[in-house]
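Descriptive structure summary
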Amino acid sequence: MTSIRIAVVGIGNCASSLVQGLEYYREGTNDTVGLMHLEMGGYRPSDIKVVAAWDVDSRKVGKDVSEAIFAKPNCTAVFAPGVQPTGTIVRMGAVLDGVADHMDEYPDERTFLVANDAQPSKEDVIAELKRSGADVLMNYLPVGSQEATEFYAQCAIEAGVAFVNNIPVFIASNPEWAAKFEAAGVPIIGDDIKAQLGATIVHRVLTDLFAKRGVKLDRTYQLNTGGNTDFLNMHNHRRLASKKISKTEAVQSVAAERLSDENVHIGPSDYVPWQNDNKVCFLRMEGQLFGGVPMNLELRLSVEDSPNSAGVAIDMIRCAKIASDRGLKGVVDPASAYFCKHPRHQVTDDQAHEAVEQFIRAA
């Protein structure tokens, strides 16, 4: 079986966890605890290679990916300190709307330091994708990067490279963009990666449980705090619109009855620097049991945010490559529904799980 060659936009905490994971799960290195699938369509995590990368931070541009993933402002857990050099040097990326103005107000070790290097044109990125032989382009730009995400999505289309959209900018779930990928014969998975065991999947499963057990859900909130650049970026609430939609719809879509806007509040709540990449979720659900008797549930979830998404990313990469191998075009719905918060078609997680397993078996 051939390798899967990936390109990565944004060498932040999530990319760091992904690359560390490729080292950690290298054949014979460690056990396979934490993987949802050891093998998919004949591909294992050790088959994934990083062949192209872009970022805008001066501490990462010009360095091998294996070094850049540990540069500030990254602050995620280091669980594979001995990542071998990849031979892939991080190139200067296109800034566009990828860096929010308020990021200038924070200490260097917490924020982005934009390099002075010349930014690439669309033609430059397409040429590098083709030169590197990339099979899949991973989008890890900051939340709210609409223009930048569309820039790289168009590059993927023109280069014929499958696109995995890990952030809540709506591409796969946007009919116009979905049609562009289908017309170009290029697979896409998205939007907004759903962590392995994070706030959204836990909230969805509990909401689905309420519905299945006949408990009326009256109101709910999900409050999240963290100290990584993702939370700092989202401190500007103007960049939060799509994130709130993505997280809220992920829960609303599995509720027995849709809640009114005033009875559901879901989204990032505050930036707490000392938490670093630790994310803490405070979840409350209020409802009615048999006879209309009231009940409530409160849950506190603490996870290292970026490793929580990396195992899912490994599966998304392999699904994107399987889709390419099979000549599939446009949105890969089974993978999008199971691995993302905002797919174009929302179904329950049980249904999405069965669909993606069928997709894998068909490969």
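Residues numbered from 1 in each chain as written. Predicted model: local features only at pLDDT ≥ 70, side-chain atom pairs only at ≥ 80, totals over all residues. Heavy atoms only, no water.

The protein chain appears in an unreviewed UniProt entry as Myo-inositol-1-phosphate synthase from Sphingomonas gellani.

A word on the nonpolar core
Core analysis: the largest hydrophobic core is formed by 45 residues, its most contacted members being Ile-6, Leu-18, Met-138, Ile-189 and Phe-339. The element contributing the most residues to this core is helix H9 (residues 307–325), with nine residues. Within the second largest apolar cluster, 32 residues are counted, among which are Ile-126, Trp-177, Phe-181 and Ile-188. (Core = buried A, V, L, I, M, F, W, Y, C linked by side-chain atoms within 4.5 Å. Buried < 20%, exposed > 50% of the residue type's maximum accessible area, 1.4 Å probe, protein only. Helix = DSSP H or I, 4+ residues; strand = E, 2+ residues; numbered from the N terminus.)

Remarks on the UniProt feature "domain: Myo-inositol-1-phosphate synthase GAPDH-like" (unreviewed entry) in the protein chain
In the numbering adopted here, UniProt assigns the feature "domain: Myo-inositol-1-phosphate synthase GAPDH-like" (unreviewed entry) to residues 198–306. Between the C-alpha atoms that bound residues 198–306 the distance is 10 Å, and the span itself is 28% helix and 38% strand. (UniProt positions renumbered as here; feature names shortened; annotations may be inferred.)

Re the layout of surface pockets
The space that makes up the largest pocket amounts to roughly 260 Å³. If you list the elements that add at least two residues to the lining of the largest pocket, you get helix H1 (13–24) and strand E2 (48–55). Class assignment for the residues of the lining of the largest pocket results in seven nonpolar, three polar and three charged. The wall of the second largest pocket is formed by 13 residues, among which Tyr-25, Gly-34, Phe-79, Pro-307 and Gly-311 lie closest to the centre. Where the lining of the second largest pocket is concerned, the elements lending two or more residues are H1 and H9. The biggest single contributor to the lining of the second largest pocket is H9, with four residues. By residue class, the composition of the lining of the second largest pocket is eight nonpolar, five polar and no charged. (1 Å grid on protein atoms, 1.4 Å probe; cavity = no way out; pocket = protein on both sides within 12 Å on 5 of 7 lines; lining within 4 Å. Points joined across faces, edges and corners; volume = space filled by probe spheres on them. Nonpolar A, V, L, I, M, F, W, Y, C, P; charged D, E, K, R; others polar.)

Description of empty space enclosed by the protein
Going through the model one piece at a time under the given rule, you end up with two cavities of 30 Å³ or more. Within this model, the second largest cavity holds a volume of roughly 50 Å³. If one sorts the elements of the lining of the second largest cavity by residue count, strand E8 (residues 264–271) sits on top with four residues. Classifying every residue of the lining of the second largest cavity by side-chain character gives five nonpolar, three polar and one charged.

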